[in-house]
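Analysis of the macromolecular model
Okay, here's what each chain looks like letter by letter:
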Amino acid sequence: MQRALIAGVLVGILASYYGVFVVQRGLGFLGSGLAHAAFGGVALGILLEQEPLLIAVPFTILVAIGITYVKNNTNLAGDTTIGIFFSVSMALGIIFIFMKKQYTSDAFNYLFGSILAVSLTDVIAPALLILISILLSSFWKRWAYSSFDRELAQADRLPVQFDDYILSVLIAVTIVVSIKVVGIVLIAAFLVIPPATSRLINKSFSRMTVYSIVFGVSTAIAGLWISYYLDVPSGATIILLQALLFFVVMIIKKLNY
Amino acid sequence: MNAVEVKNLSLSYGDIKVLEDLNFSIPENAFVSIVGPNGAGKTTLMKILLGLIKVDLGEVKIFGKHPDEIDPQLIGYVPQIKTMDRNFPALAIELVASGLLRKWPWSVKGVDKENSIKALEMVKAEHLALRPITELSGGELQRVCLARSIVRNPKLVVLDEPATGIDAIGEADLYNLLEKYQQNSKATVLMITHDWHVAHHHSDFVLLLNRKQVSFGHPEEALSEQNLRTAFGHIGHEHKIRIN
């Protein structure tokens, strides 16, 4: 349980930090697409009898780069591009699981999240990603600038396309390292709900980021405790708690105006 | 040295010629309007000057340098409001400070805060500093954007249809502020507009464009009835009343 809690805090920080860009850029569907891409990677890992996360990370990064490349170099809308990669990865995942033949409970742990399945790797991976994110913290100002107005950022000579790739890759890795705690099916919501809640009550992007992390971490901790004592899936419990917080904040805000 | 120099500039997208053989020079400390109908290539030309689009043929120089080589700090850019995320959680002062820092500020403090407030004062918008941009009207937001562009003391201010989405009073206010700023700062102002009355009233020079360069010069000559007919196809009787 202790390990799961640490993992919960770490992925809570990551998802809520990168989630602010997902929400502000209207990339909710990207979270969903990358989560399904991660399923393809996890399934390949299960098929090859390797650590699924080690396969899922490069697999999902490749998909993230592919989505960003097609989006930046064609006239296709973002959701169309994501939809193509999403379906291909999911289809590959289904075939990989089918090829495994014998029943595997592993796939269910990845799909719905399981605190009992959290390993040492599931703690080390998000910790490393947080370290990388701290080293790249100056990117926050660039991503925020191009989120506000891409053309303005380009006119000021920011490498907007390069920054997009970095952001997509980091979101992809965040999704993969969050899978054990939240599950593939619900990871998109995990990326979106805390920043969306924070957006309701904040008028500046830096405060939105801070509050998003606070909401993400606190609901991850509370959700994991509840799921442990009630013996229900961790991912679903966290997401329900986050949704509850979202509606409570929304109602309180409505009543105050 | 000229602020902008364009020689034999042409640009095509596939078989479609977007701009054809433009030649003009804009001296420093001038107020210049680029006028033309929708689809005339005004915004494309502006993006070329900002270094956002590479040209096929010809030469473009900003203060004697290729647009890619120019220090972005020398150019203040006011994009169309519609390109911005107006739901972005930001205070007006943060938006202004982003013009100073060329990235989004985590917080605005010290000298950056002082300079941002000064820029807001120059456009009579200091009272908006702590207001979220989501709560600003089109005119207020455009004034904040103007403050954002001038906070870095640019030598060239480029505005893309600054009056879009603003009511008539806000529009008049904005042009007056802009003219005053240009006179005080000695910066060169380059404004895109489809409104030739505005261009005639405020500009030292006008470039009339419809993919090809129809005319360039002082407003009286550049916006002659004949030139306007060539650029717009029709001009209506209002032109004569206001210009002549």
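Our subject is the structure listed above.
These lines cover the structure that appears in this document, whether it is placed above or below. Just so it is clear, the model here is predicted, and its values are computed rather than measured. Counting starts from 1 at the beginning of each chain's written sequence and moves along it residue by residue. Chain letters start at A and ligand numbers start at 1, both assigned in the order the entries are written. Confidence filtering applies because this is a predicted model: local features only for residues at pLDDT of at least 70, side-chain atom pairs given and counted only at 80 or more, and all residues used for totals across whole chains, interfaces and linings.

**Points about the environment of A:R25**
Residue and element names in this part refer to chain A. As a reminder, the rule being used: Runs of E in the DSSP output that reach at least two residues are strands. Runs of H or I that reach at least four are helices, and both are numbered from the N terminus. Exposure in this text rests on C-beta crowding, where 20 or more other C-beta atoms within 10 Å of a residue's own make it buried, 12 or fewer make it exposed, and counts in between make it partly exposed. The C-beta atoms are placed from the backbone.
Relative to the helices and strands, R25 is located in the loop between α1 (2–24) and α2 (28–47). Among the residues examined, R25 registers 17 C-beta atoms within 10 Å and is labelled partly exposed. For the pair formed by R25 and A144, sequence separation is 119 residues and the distance between their alpha carbons is 9.5 Å.

**Describing the nonpolar core**
Which entries qualify depends on this criterion: To count as a nonpolar core, a set of buried Ala, Val, Leu, Ile, Met, Phe, Trp, Tyr and Cys residues must be joined through C-beta atoms within 7 Å.
Core analysis: the biggest nonpolar cluster contains 161 residues, and A:A38 and B:V144 have the highest contact counts within it. With 14 residues, α1(A) is the largest single contributor of residues to this core.

**As for helix α9 (residues 160–182) of chain A**
Residue and element names in this part refer to chain A. Heads up, the condition is: For a helix, the expected span equals 1.5 Å multiplied by the residue count minus one. One axis is fitted to the seven residues ending at the residue and one to the seven starting there. The bend at that residue is the angle between these axes.
For α9, spanning 23 residues, the distance from its first C-alpha to its last is 31 Å, which sits close to the expected 33 Å at 1.5 Å a residue. Of all the bends in α9, the greatest, near 25°, is centred on V176. Downstream of α9 by one or two residues, G183 has phi in the positive range, about 95°.

**A word on helix α2 (residues 92–101) of chain B**
Quick note on the threshold: Two residues qualify as a contact pair if the distance between their C-beta atoms, derived from the backbone, is within 7 Å.
Of all 10 residues making up α2(B), 9 are buried, and the element is well covered by its neighbours. Residues of α2(B) that are buried sit in contact with α7 (139–148) of chain A together with α3 (110–122) and α4 (138–150) of chain B. At the exit of α2(B) stands B:R102, carrying a positive phi of roughly 60°.

**So, the pairing of strand β8 (residues 205–210) of chain B**
In the case of a regular strand, side chains alternate between the two sheet surfaces. Residues and elements named next belong to chain B. Put simply, the rule reads: Two strands qualify as a pair provided that DSSP identifies no fewer than 2 bridges between them.
Counting buried positions over the 6 residues of β8 gives 5, a clear majority of the element. Bridge count between strand β3 (residues 31–35) and β8: 4 bridges; the pairing is parallel. The residue of β8 that forms the bridge with I34 is L207. Relative to strand β9 (residues 212–217), β8 is paired through 5 bridges, and the arrangement is antiparallel. Of the residues in β9, the one forming a bridge with L208 is S215.

**So, unusual backbone geometry**
What is expected of a backbone is that most residues other than glycine have negative phi and most peptide bonds are trans. Residue and element names in this part refer to chain B. Even without being a glycine, D21 presents a positive backbone phi close to 50°. Looking at the element boundaries, D21 is found in strand β2 (residues 16–27). According to the C-beta neighbour criterion, D21 is partly exposed, with 14 such atoms within 10 Å. The phi dihedral of R102 is positive, around 60°, even though this residue is not glycine. Here R102 is to be found in the loop between α2 and α3.

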